[in-house]
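Here is what each chain is made of, one letter per residue.
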Amino acid sequence: MKKILVANRGEIALRVMKTAKRMGISTVAVYSEADRNAPHVKFADEAICLGPPPSAQSYLLGEKIIKEALRLGVDGIHPGYGFLSENADFAEKVSASGITFIGPRPDSVRIMGSKLAAKDAVKDFDVPLVPGTEEAVTDKVEARKIADGIGYPILVKASAGGGGKGMRLVERSEDFEEQLDRAVSEATSSFGDGSVFIEKFVTNPRHIEIQILADNYGNTVHLFERECSVQRRHQKVVEEAPSAILTEDLRKRMGASAVQVAQSVNYTGAGTVEFLVDDHLNYYFLEMNTRLQVEHPVTEMITGLDLVEQQIRVARGEKLAFSQEDLSICGHALELRVYAEDSYDNFMPSTGNLEVYIRPEGEGVRVDDGFEEGMDIPVYYDPMIAKLITYGSTRAEASEKMLQAIEDYKIKGPQTTLPFGRFVLKHDAFISGKFDTNFVKKYYSPEKLRESWSEEANAAALAGAFVFDKLSDKLSAPQVEENAAWGKR
Ligand code: MV4
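Procedures and definitions
- Residues numbered from 1 in each chain as written.
- Predicted model: local features only at pLDDT ≥ 70, side-chain atom pairs only at ≥ 80, totals over all residues.
- Heavy atoms only, no water.
- Helix = DSSP H or I, 4+ residues; strand = E, 2+ residues; numbered from the N terminus.
- Buried < 20%, exposed > 50% of the residue type's maximum accessible area, 1.4 Å probe, protein only.
- Contact = heavy atoms within 4.5 Å.
- Areas by Shrake-Rupley, 256 points an atom, 1.4 Å probe, with all protein chains shown as cover.
- Lys, Arg positive; Asp, Glu negative; His and termini not counted.
- Charge placed at Lys NZ, Arg CZ, Asp CG, Glu CD.
- Pairing = 2+ DSSP bridges.
- Core = buried A, V, L, I, M, F, W, Y, C linked by side-chain atoms within 4.5 Å.
- 1 Å grid on protein atoms, 1.4 Å probe; cavity = no way out; pocket = protein on both sides within 12 Å on 5 of 7 lines; lining within 4 Å.
- Points joined across faces, edges and corners; volume = space filled by probe spheres on them.
- Nonpolar A, V, L, I, M, F, W, Y, C, P; charged D, E, K, R; others polar.
- Arc of directions from axis to C-beta.
- Domains from an automatic or database assignment.
- Salt bridge = Lys/Arg side-chain N within 4 Å of Asp/Glu carboxyl O.
- Near = heavy atom within 4 Å.
- Polar contact = N/O pair within 3.5 Å; in protein donor to acceptor, adjacent residues only side chain to side chain.
- Axes fitted to C-alpha atoms, helices over the stretch in contact; angles between N-to-C directions.
- Parallel < 35°, antiparallel > 145°, perpendicular 65-115°, else oblique.
- Left-handed = near helix turned anticlockwise from the far one by under 90°.

1. Describing the overall build of the chain
Of regular secondary structure, the chain possesses 17 helices and 22 strands. For the C-alpha atoms alone, the extent of the chain along its principal axes is close to 70 × 60 × 45 Å. Looking at the chain residue by residue over its 489 residues, the buried ones come to 56%. The long-range share in the chain, meaning contacts at least 24 apart out of those at least 6 apart in sequence, stands at 65%. Accessible area of the chain: about 20,300 Å², with a carbon and sulfur share of 49%. One way to put it: in the chain the 58 positive side-chain charges average out to a point 2 Å from where the 75 negative ones average out.

Right under this line is the structure:
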């Protein structure tokens, strides 16, 4: 593989190209008119403008991307995440054009894109599923009987959904038929596929996912777990590896199940198997993401592997150079997604110009981003500015580094989720490791965020005049900008 086109933008495009360059592979960027001066375009050896800013007129134009790739003699296309990354038709067209798709086979993508097909694929393996229906429910009366049998609350989920889209909670038998109707019509209008199924509702679950890696010769390994329970509206905010609650035994069993999920569809490349874990540490397979994920860096930090390098090696036909026994967890990593959203105003989008943009630095601090000072954050795409990743020998050390990095990150222009990240990392529930997917709902409000600032200033006042002097401006700072110490430097 001599030339790779990255069919994506922003931090992930840049991240993929950095590994390609290190491997001696030349790179082609694609971009929309909004991204003409973006770092991923400047970094690439060649770049192709796809069209106007909206994704449908640029980053989603699969056929145009393939045509340009052929013209430039590209031999591999990496889709990143989002956009075309889980589009089986795109993967198929790439392969048909003679270019290598750096990702799983189209069939694996297609099966995992349907929650029901995914459940069906894994049913003969040792993979625990949430109690529920194995097939799409069609008969309302029959379905209600099944739901009654499972016991409420139950969830009605769209087979074509995922990431929280197309789910409905039913708390009482009387509500079932109405909610089922809604779920079907939502699924039909959102996905063009009205298939829905029923699952028992797991209350207060943790979201834990297992990274897997497979070559084309039947070798599949897992790269341990990522804890992704801190989310708001199905948007992950803080991720970490390893999880504070997994025992060695549970990790082994979940890892083995994840490998079986991958093997059930003859998966190749990097993928992620999502599980729910309940308060008794029972785990259930939810879905498989057939792409490189946003939060992959925490896995890289604790395993020492470069996942993009592994994807490229597998795609060019190499065998995995290690087996499960060679892999172990070393240290602890945290990732905070820094969004251009206002932590103090219910995460309202806050795009605009990055007037000041200074990254934190230091040992164990990694910033994956796709912006430079002075750039505008386009309104057309995901508002993630950066991923702030820290690594330490323990969770406490990684956490300390994260808090310092948040302080050192200087962003002026848009409001960001840095103050929210700080709130999470300082919260007792997070520190103790006793939290679940309801963390944000349970503990966060703009008022509590403000309170946490003033408590800190009070504590500092008690600690002494010098410290108070340094912290007191943080009290008022959040209303103006998120990074309090900034004004003084
Ligand atoms: C569930 C669940 C509880 N019980 N399924 C949300 C995203 C999608 N991947 C599946 N999701 C859930 N499925 C059963 N049977 C709770 C969620 C859920 C959730 C899952 C992971 C992370 C955050 C979440 C937030 C709300 C609900």
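2. A word on the pairing of strand S14 (residues 332-339)
For S14, a buried count of 8 out of 8 residues is recorded, marking the element as mostly surrounded by other parts of the structure. Of the two faces of S14, the one lined by His332, Leu334, Leu336 and Val338 and the one lined by Ala333, Glu335, Arg337 and Tyr339 are each fully buried. Summarising the sheet, strand S11 (residues 235-241) and S14 pair through 4 bridges and their orientation is antiparallel. Paired with Ala241 across the bridge in S14 is Ala333. Relative to strand S21 (residues 384-392), S14 runs antiparallel, the two sharing 8 bridges. In the strand pairing of S21, His332 is matched with Gly392.

3. Overview of the nonpolar core
In this structure, Val230, Leu388, Tyr409 and Phe430 are the most contacted members of the largest nonpolar core, which totals 37 residues. Those elements that provide at least two residues to this core are S11, S14, S21, helix H12 (395-408), helix H13 (418-426), helix H14 (428-432), helix H15 (439-443) and helix H16 (446-463). For this core, the element with the most residues is H13, which contributes 5 residues. If sequence neighbours within four positions are ignored, Phe430 has contacts with Val230, Val238, Glu240, Leu334, Arg395, Val424, Leu425, Phe435 and Phe439. In terms of nonpolar packing, the next biggest core, distinct from the first, is built from 34 residues, Met17, Leu305, Val314 and Leu327 among them.

4. Some words on the environment of Tyr217
Tracing the backbone through its elements, the reader meets Tyr217 in the loop between strand S9 (206-214) and strand S10 (220-232). It is 42 Å that separates the C-alpha atoms of Tyr217 and Glu400, two residues lying 183 residues apart in sequence. The residues contacting Tyr217, other than those within four sequence positions of it, are Gly317, Glu318 and Lys319.

5. A closer look at empty space enclosed by the protein
The method is simple in principle: a probe with the dimensions of a water molecule rolls over the atoms, and the space it marks as empty is what remains. In the structure shown here, the tally under the stated rule is 2 cavities of 30 Å³ or more. Estimated volume of the second largest cavity: approximately 40 Å³. The wall of the second largest cavity is formed by Arg232, Gln235, Val237, Tyr339, Glu341, Phe347, Thr417 and Phe420. By residue class, the composition of the lining of the second largest cavity is 4 nonpolar, 2 polar and 2 charged.

6. Considering helix H3 (residues 62-71)
Every buried residue of H3 is accounted for by Gly62, Ile65, Ile66, Glu68 and Ala69. Down the axis of H3, the buried set is contained in an arc of 165°. They therefore lie on one face. Away from its buried face, by an angle of more than 90 degrees, H3 presents the exposed residues Glu63, Lys67 and Arg71. Looking at the buried residues of H3, the elements they touch are strand S1 (3-6), strand S3 (46-51), strand S4 (76-78) and helix H4 (88-96). Residue Gly73 follows H3 closely and has a positive phi angle near 70°.

7. Focus on the domain arrangement of the chain
Domains assigned within the chain are domain 1 (3-102), domain 2 (131-200) and domain 3 (206-447). The C-alpha centroid of domain 2 is placed 37 Å from the C-alpha centroid of domain 1.

8. A few points about the pattern of salt bridges
Any two side chains of opposite charge can pair, so long as their charged atoms come close to each other. Using the criterion set out here, one finds 42 salt bridges in the structure. A salt bridge links Asp120 to Lys123; its shortest N-O distance comes to 2.9 Å. You can call Asp120 partly exposed: its relative accessible area is 45%. Across the salt bridge formed by Arg366 and Asp368, the nearest N and O atoms sit 2.9 Å from each other. Across the pair, exposure class does not vary: Arg366 and Asp368 are buried alike. Each of the salt bridges in this network shares a partner with another, and the network as a whole consists of Arg15, Arg22, Glu300, Asp306, Glu309, Arg313, Arg316, Glu318, Arg366 and Asp368.

9. Some words on the side chain of Lys387
When you line up the elements, Lys387 lands in strand S21. Of the residues examined, Lys387 reaches a relative accessible area of 0% and is grouped as buried. Beyond its immediate chain neighbours, meaning those up to four positions away, Lys387 contacts Glu11, Val294, His296, Pro297, Glu335, Leu336, Arg366, Val367 and Asp368.

10. Section: the environment of Glu363
Locating Glu363 in the fold gives a position in the loop between strand S18 (356-358) and strand S19 (365-369). Residue classification places Glu363 among the exposed positions, given a relative accessible area of 72%.

11. Thoughts on the site of the ligand
Every one of the 18 residues lining the ligand counts as a neighbour, but Lys157, Glu199, Lys200, Val202 and Glu287 are closest to it. Contacts to the ligand include Glu199, whose side-chain N or O atom sits 2.8 Å from a nitrogen atom. Within the backbone of Val202, an N or O atom sits 2.8 Å from a nitrogen atom of the ligand. Relative to its unbound accessible area of 530 Å², the ligand is 90% covered by the protein chains. Listing elements by their share of the shell around the ligand, those giving two or more residues are strand S6 (154-162), strand S8 (196-200), strand S12 (269-277) and strand S13 (283-289). Looking at the shell around the ligand residue by residue, the class counts come to 7 nonpolar, 6 polar and 5 charged.

12. As for the packing of H3 against H4
Running from amino to carboxyl end, H3 crosses H4 at an angle of 20°, the nearest separation of the two axes being 10 Å. Compared by their axis directions, H3 and H4 come out roughly parallel. H3 and H4 meet at a crossing whose hand is right-handed. Within the contact between the two elements, H3 uses Gly62, Glu63 and Ile66 and H4 uses Phe90, Lys93 and Val94. Of the residues belonging to the contact of H3 with H4, the class tally is 3 nonpolar, 1 polar and 2 charged.

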